[in-house]
Amino acid sequence: MMQYPNHKNMLINCHFKVAVVLLMACFVSLRGWSQSKTNEKAVEPYAAYLFAYFEGRGANTEAIRFGLSSDGYHFYALNGNQPVLDNAKISSTGGVRDPHILRGIDGKTFYMVATDMHVAKNGWNPNTAMVLMTSTNLIDWKSSIVNIPAAFETFKDVNRVWAPETIYDKKVGKYMLYWSMRTGQAADIIYYAYANKDFTALESEPKQLLFSPTKGACIDGDIVERNGRFHLFFKTESEGAKIRQAISDHLTGGYEVQQGIVQLTKEPAEGVGVYKLNNEDGYILMYDVYKNGRYEFTKSKDLEHFTLVKDMSLDFHPRHGSVISLTSAEAERLASHWMTADEVVSEVKGMD
């Protein structure tokens, strides 16, 4: 192993505001310490966050990338902001967009879904598929392609399959996918269906999830359960490109669209995503202010009232993405796999 002189003093002498997870990753990278754990029966608390995103601005940007954070407010790109999966191998179009990642109910399996679409190569032509992925270590992924018109005769004329996401339905004990679809030039509608046991296909025909009172197009749905109620955030594609919310007591229906918009910016926004903070009360709701090339983050304790978060930083430029919580061991594994020792030290210094 390559030796790095005075690495301990170098870290100690840095004036930094960095999380334990990045320090642990740095020690692993620099010293080559084993990441194996003892047979602990206790559940390890969450200590970090993983941001799955794509960039979508130029060649080779429609691919899945990962960012890491210790506090949920400051994120750093892994793998030098290069793709962590080979988009040409996992998709039918050669590109993937809108990755959504979910920790499974067993706590150790991860599910990720994405739009199978390559705008840089094919333009905004019809896309009809989504990519389903599973992993137990966040590094090695198994993938399958689900082409909606090919799988379901009822939807043979669908020409747009966008922004799939996954949530576990506790009532039926299955993983439910939901996404928006369009037929012809009609409005986009958010549908849902259950995945099969292996998470390689859909076992049921899609059903409409959200019924818009205006019958306008709705895309980019993101569901969060809080106190037994389901909050569905979505973009009104044909009504001013705004983020709105619908609430229901049931996961698979009965959503009532709330008055007003959720986003705090007056600019068009899309790609909404919500994640719960690990060590403080509340949630972060983020969205892509896509015409201005920036992401905006807001905070809420009740998912109804939101305030702008100003102290956020990203060293990458995400488009539609999602965030999950990680244990320190999971963050260690990702950082040590995707970051060099020099990169970690550089990030630590950058937090000075």
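The numbering scheme is per chain: residues are counted from 1 as the chain's sequence reads. Residues qualify for local features only when their pLDDT is at least 70, as the model is predicted, and side-chain atom pairs are given and counted only at 80 or more; totals for whole chains, interfaces and linings, by contrast, use all residues. Hydrogen atoms and water are omitted, and side-chain values are computed over all heavy atoms in the structure.

Secondary structure counts use DSSP, requiring at least four H or I residues in a row for a helix and at least two E residues in a row for a strand, with both numbered from the N terminus. For the protein, the count of helices and strands is seven helices and 21 strands. Here the protein, with 352 residues, has 57% of them falling under the buried criterion. Residues count as neighbours in contact if any of their non-hydrogen atoms are within 4.5 Å of one another. For the protein, restricting intrachain contacts to residue pairs at least 6 apart in sequence, the fraction spanning at least 24 positions comes to 53%. Total accessible area on the protein stands at roughly 16,100 Å², and carbon and sulfur atoms take up 49% of it. Buried means the residue's accessible area, taken with a 1.4 Å probe over protein chains only, is under 20% of the maximum for its type, while exposed means over 50%, and partly exposed covers the values in between. Per-residue accessibility takes into account occlusion by the displayed protein chains alone, with areas from the Shrake-Rupley method and a 1.4 Å probe.

With that settled, consider the packing of aromatic side chains. Here a Phe, Tyr or Trp ring, Trp counted by its six-membered ring, pairs with any other such ring whose centre lies within 6.5 Å, and the pair is stacked when the planes are under 30 degrees apart, edge-to-face when over 60, and tilted otherwise. According to the stated counting rule, one finds 15 aromatic pairs in the structure shown. Plain terms: the ring middles of Phe-51 and Phe-316 are 5.6 Å apart, the flat faces sit at 85 degrees to each other, and that makes the pair edge-to-face. With a gap of 265 residues between them, Phe-51 in strand E1 (residues 46–53) and Phe-316 in the loop between strand E20 (313–314) and strand E21 (322–327) connect regions that are remote in the sequence. On the basis of relative accessible area, Phe-316 is assigned to the buried category, the value being 2%. Their ring planes at 80 degrees and their centres at 6.3 Å tell us that Phe-233 and Phe-306 sit as a pair that is edge-to-face. Placement of the pair is Phe-233 in strand E13 (residues 229–236) and Phe-306 in the loop between strand E18 (294–300) and strand E19 (307–308), with a sequence separation of 73 residues. Accessibility assignment for this pair places Phe-233 and Phe-306 in one class, buried. Chaining the aromatic ring pairs together yields one cluster made of Tyr-49, Phe-51, Tyr-53, Phe-75, Tyr-275, Tyr-295, Phe-297 and Phe-316. Lysine and arginine charges are scored as sitting over a ring when NZ or CZ, respectively, is within 6 Å of the ring centre and within 35 degrees of the ring normal. We note Arg-160 situated over the ring of Trp-162; from NZ or CZ to the ring centre the distance is 4.0 Å. The cationic tip of Lys-174 hangs over the ring face of Tyr-194; the distance from NZ or CZ to the ring centre is 6.0 Å.

With that out of the way, let us pick up helix H6 (residues 328–338). Two residues of an α-helix separated by three or four positions point the same way, owing to the 3.6 residues in each turn. Burial analysis of H6 places eight of its 11 residues in the buried class, which makes it a mostly covered element. All buried positions along H6 are accounted for by Ser-328, Ala-329, Glu-330, Ala-331, Glu-332, Leu-334, Ala-335 and Trp-338.

Quick look at the side chain of Arg-182 now. The residue Arg-182 is located in strand E9 (residues 174–183) in this model. Of the side chains with opposite charge, Asp-188 lies nearest to the buried Arg-182, which makes no salt bridge, at 5.0 Å. Discounting residues that sit within four places of it in the chain, Arg-182 has contacts with Asp-157, Val-158, Asn-159, Arg-160, Ala-187 and Asp-188. For the purpose of charge, His is not counted, nor are the chain termini; Lys and Arg are scored as positive and Asp and Glu as negative. For this document, the term salt bridge refers to a Lys or Arg side-chain nitrogen within 4 Å of an Asp or Glu carboxyl oxygen.

Within a sheet, neighbouring strands are paired by backbone hydrogen bonds and run either parallel or antiparallel to one another. Spatially, five strands are ordered E20-E3-E2-E1-E21 in an open sheet, and the strand pairing comes out mixed. Because the sheet does not close on itself, it has two edges, and the strands there are E20 and E21. Should DSSP find at least two bridges between two strands, the strands are taken to pair. The pairing of strand E3 (residues 74–77) with E20 spans two bridges and is classified as parallel. Residue pairing in the sheet places Phe-75 in a bridge with Leu-314 of E20. Axis definition: a line fitted to C-alpha atoms, limited for helices to the stretch in contact. Angles are taken between N-to-C directions and run from 0 to 180 degrees. Seen against the sheet, H6 touches E1, strand E2 (65–69) and E21 and runs at an angle of roughly 110 degrees to E21.

The volume enclosed by the largest pocket comes to roughly 990 Å³. Lining of the largest pocket is provided by 34 residues; of these, Leu-102, Arg-103, Val-224, Glu-225 and Lys-276 occupy positions nearest its centre. Where the lining of the largest pocket is concerned, the elements lending two or more residues are E1, strand E4 (96–103), strand E8 (158–169), E9, strand E12 (218–226), strand E16 (270–276), strand E17 (283–289) and E21. Class assignment for the residues of the lining of the largest pocket results in 19 nonpolar, nine polar and six charged. Buried and open spaces are told apart on a 1 Å grid over the protein atoms alone, a cavity being a set of points where a 1.4 Å probe fits but cannot get out and a pocket being an open set with protein on both sides within 12 Å along at least five of seven lines. Residues with an atom within 4 Å of a point are the lining residues. Grid points are joined across faces, edges and corners, and a volume is the space filled by probe spheres set on the points. Note on residue classes: Ala, Val, Leu, Ile, Met, Phe, Trp, Tyr, Cys and Pro are nonpolar, Asp, Glu, Lys and Arg are charged, and everything else, Gly too, is polar.

This part is about the nonpolar core. In this description, a nonpolar core means a group of buried Ala, Val, Leu, Ile, Met, Phe, Trp, Tyr and Cys residues linked to one another through side-chain atoms lying within 4.5 Å. Core analysis: the largest hydrophobic core is formed by 27 residues, its most contacted members being Ile-64, Phe-66, Met-112, Met-133, Trp-141, Leu-326 and Leu-334. Listing elements by their share of this core, those giving two or more residues are E1, E2, E4, strand E5 (110–116), strand E6 (129–135), E21 and H6. The contact partners of Met-112, leaving out residues within four places of it in the chain, are Ala-52, Ile-64, Phe-66, Leu-85, Pro-99, His-100, Ile-101, Val-131, Leu-132, Met-133, Trp-141 and Phe-199. Core analysis: the next-biggest nonpolar cluster, separate from the first, contains 20 residues, Val-113, Val-146, Val-161 and Trp-179 among them.

Moving on: the sheet that holds strand E14 (residues 242–248). Taken in spatial order, the four strands of this open sheet run E12-E13-E14-E15, and their pairing is antiparallel. Of all the strands in the sheet, just E12 and strand E15 (256–257) have a single pairing partner and so form its edges. One ladder, built from two bridges, connects E14 with E15; its direction is antiparallel. Residue pairing for E15: Ile-247 is matched across the bridge by Glu-256.

Our next topic: the pattern of salt bridges. According to the stated counting rule, one finds 14 salt bridges in the structure shown. With a shortest N-O distance of 2.8 Å, Lys-235 and Glu-270 are connected by a salt bridge. With Lys-235 in strand E13 and Glu-270 in strand E16, this residue pair connects regions lying 35 residues apart in the sequence. Comparing Lys-235 with Glu-270 shows no difference in burial state: the two are buried.

Time to look at the pairing of strand E10 (residues 189–194). Counting buried positions over the six residues of E10 gives five, a clear majority of the element. Adjacent in sequence and paired antiparallel, E9 and E10 are bridged by five residues, among which Gly-184 carries a positive phi angle near 60 degrees. By the bridge criterion, two bridges tie E10 to strand E11 (residues 207–208) in an arrangement that is antiparallel. If you follow Tyr-191 over to E11, its bridge partner there is Gln-208.

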